[in-house]
Amino acid sequence: MRAQQSPTPSPSPLLPPATTNSAVQSGEEVGEGEVLRISANLVSVPVSVINRQGQYVVDLRQQDFRVFEDGKEQPIVHFSNVDQPFSVVLLIDTSGSTAPFIDQIKTAAKAFVDQMRAADTIRPIYFHGEIKPLSAEGINDPKVFDAAIDRIEPGPTNMGTRLYDAVHFGLNSLAPAATRRAVVLITDGENTWGKASVKSTLREAEESDVVVYTVQYGDLKPLRHQVSPQVYLQQLAEKTGGRYFKGGDVNAIKRSFVEVAAELRRQYVLGYEPNEPERIGVRKIKLKVNRQQVAVRARASYTYAR
């Protein structure tokens, strides 16, 4: 995978720029997801398999999967079964527009730690006009995590929201590791300024091997000529093989966390060595599974880069 360095939070400027206000079929199905940039000799694909009752299928073996790249079957050289540790960056929006929800979000965030096991880690980061990591690395101690969440503060109303910069930071905050890697983003979807954009963050998400789960609260309306916040958050999840949730209240956000943790633990990870290492560019992935009446959620393509 492409090695990435953990970024340093951007310093706060004096003033921000001015702002204005699955269907289940019989047999095989490949879920949505998009591009994964590969610079090593292993393509790693997280896969979720769900039956008609919405339950995760957890008893599949390596021989139950077949992987095709650009129509040609590939030997599976790595197989990781379900119930593996995960490493998560928890991105929490505390900008002025989210002020009414701060206490609910903090309560829900603390509930996320209830889903952790000993080998899991969560790195909490909050953002508004600044990006504020609450720890230098992932946390797996519930007391330490709760204390970090207690330090979250709402952002000044005159600083705006750097949502896209925060997404960029979160994607690059997960060092390559053997664990399942994910970003969980809690936001109303508003971005008022910053260096990153809708296009750049969606491309970066496509090129990463990080699964993104988005939880949207509030009912923010898009500004004219801007992408709808809901559409952006849905695309961010779909392009990485993650999921989008609508979190109307603290209980809905808690339920979202339960589902995210359950899915991360019940993912399979398949690895194969790509063909034609000299060929740079987009390659399509198709998965087949030896089980009837199930849906498969995984990335549909990746970008090979040396």
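Let me begin by describing the structure that accompanies this report. Please read all numbers here as calculations on a predicted model, not as lab measurements.

**Here we look at the side chain of Gln-74**
Consideration 1: With respect to the helices and strands, the residue Gln-74 is situated in strand 4 (residues 72-74).
Consideration 2: Residue classification places Gln-74 among the buried residues on the basis of a relative accessible area of 4%.
Consideration 3: A polar contact of 3.2 Å, which involves the side chain of Gln-74, links it to the side chain of Asn-275.
Consideration 4: The contact partners of Gln-74, leaving out residues within four places of it in the chain, are Val-67, Glu-69, Tyr-272, Glu-273 and Asn-275.

**Observations concerning the packing of helix 3 (residues 163-171) against helix 4 (residues 198-207)**
Consideration 1: At a minimum axis distance of 9 Å, the contact between helix 3 and helix 4 shows a crossing angle of 20°. When the axes of helix 3 and helix 4 are compared, the pair comes out roughly parallel. Considering only the axes of helix 3 and helix 4, their crossing is left-handed. Across the interface between the two elements, Tyr-164, Val-167, His-168 and Leu-171 from helix 3 touch Val-198, Thr-201, Glu-204 and Ala-205 from helix 4.
Consideration 2: Partitioned by chemical class, the residues of the contact of helix 3 with helix 4 number five nonpolar, two polar and one charged.

**Remarks on the packing of helix 1 (residues 102-112) against helix 2 (residues 142-150)**
Consideration 1: Packing of helix 1 against helix 2 leaves a shortest axis separation of 10 Å and a crossing angle of 165°. Viewed along their axes, helix 1 and helix 2 adopt a mutual orientation that is roughly antiparallel. Crossing geometry of helix 1 relative to helix 2 is assigned as right-handed. Contacts between helix 1 and helix 2 involve Lys-106, Ala-109 and Lys-110 on the former and, on the latter, Phe-145, Asp-146, Ile-149 and Asp-150.
Consideration 2: Tallied by class, the residues present in the contact of helix 1 with helix 2 amount to three nonpolar, no polar and four charged.

**Re the sheet that holds strand 9 (residues 180-187)**
Consideration 1: Strand order in the open sheet formed by six strands is 8-7-6-9-10-11, and the pairing between neighbours is mixed. A single partner strand is all that each edge strand has here, and the edge strands are strand 8 (131-133) and strand 11 (244-246). The average angle at which neighbouring strand axes cross in this sheet is 20°, direction not considered.
Consideration 2: Direction of pairing for strand 7 (residues 121-127) relative to strand 8: antiparallel, over a ladder of three bridges. For Ile-125, the partnering residue across the bridge sits in strand 8 and is Pro-133.
Consideration 3: Sheet strands touched by helix 1: strand 6 (86-93), strand 7 and strand 9. Its angle to strand 6, the strand with the most contacts, is close to 175°.
Consideration 4: This element, helix 5 (residues 229-238), spans strand 9, strand 10 (211-216) and strand 11 of the sheet and lies at about 155° to strand 10.

Conventions and cut-offs
Per chain, residues are indexed from 1 in the order of the written sequence. Owing to the predicted nature of the model, reporting of local features is limited to residues with pLDDT of at least 70; listing and counting of side-chain atom pairs is limited to 80 or more, with chain, interface and lining totals taken over all residues. Values shown for side chains rest on all heavy atoms present in the structure; no hydrogens or waters enter the calculation. For the purposes of this entry, the term helix denotes a DSSP run of H or I that reaches at least four residues, the term strand denotes a run of E that reaches at least two, and both are numbered from the N terminus. The rule is simple: take the accessible area with a 1.4 Å probe, protein chains only, and divide by the maximum for that residue type; under 20% is buried, over 50% is exposed, in between is partly exposed. Polar contact is defined as a pair of N or O atoms within 3.5 Å, subject to the rule that within protein one atom must be able to donate a hydrogen and the other to accept it, and that residues adjacent in sequence are counted only when both atoms are side-chain atoms. The contact criterion used throughout is that any non-hydrogen atoms of two residues lie within 4.5 Å. The angle between two axes is taken between their N-to-C directions and runs from 0 to 180 degrees, where each axis is a line fitted to C-alpha atoms and a helix contributes only its stretch in contact. By the definition adopted for this analysis, an angle is roughly parallel if under 35 degrees, roughly antiparallel if over 145, roughly perpendicular if from 65 to 115, and oblique otherwise. Each helix crossing is assigned a hand: it is left-handed if the near helix lies turned anticlockwise from the far helix by less than a right angle, otherwise right-handed if that turn is clockwise. Any residue outside Ala, Val, Leu, Ile, Met, Phe, Trp, Tyr, Cys, Pro, Asp, Glu, Lys and Arg is labelled polar, Gly included; the first ten of those are nonpolar and the last four are charged. Two strands make a pair as long as DSSP finds a minimum of two bridges between them.

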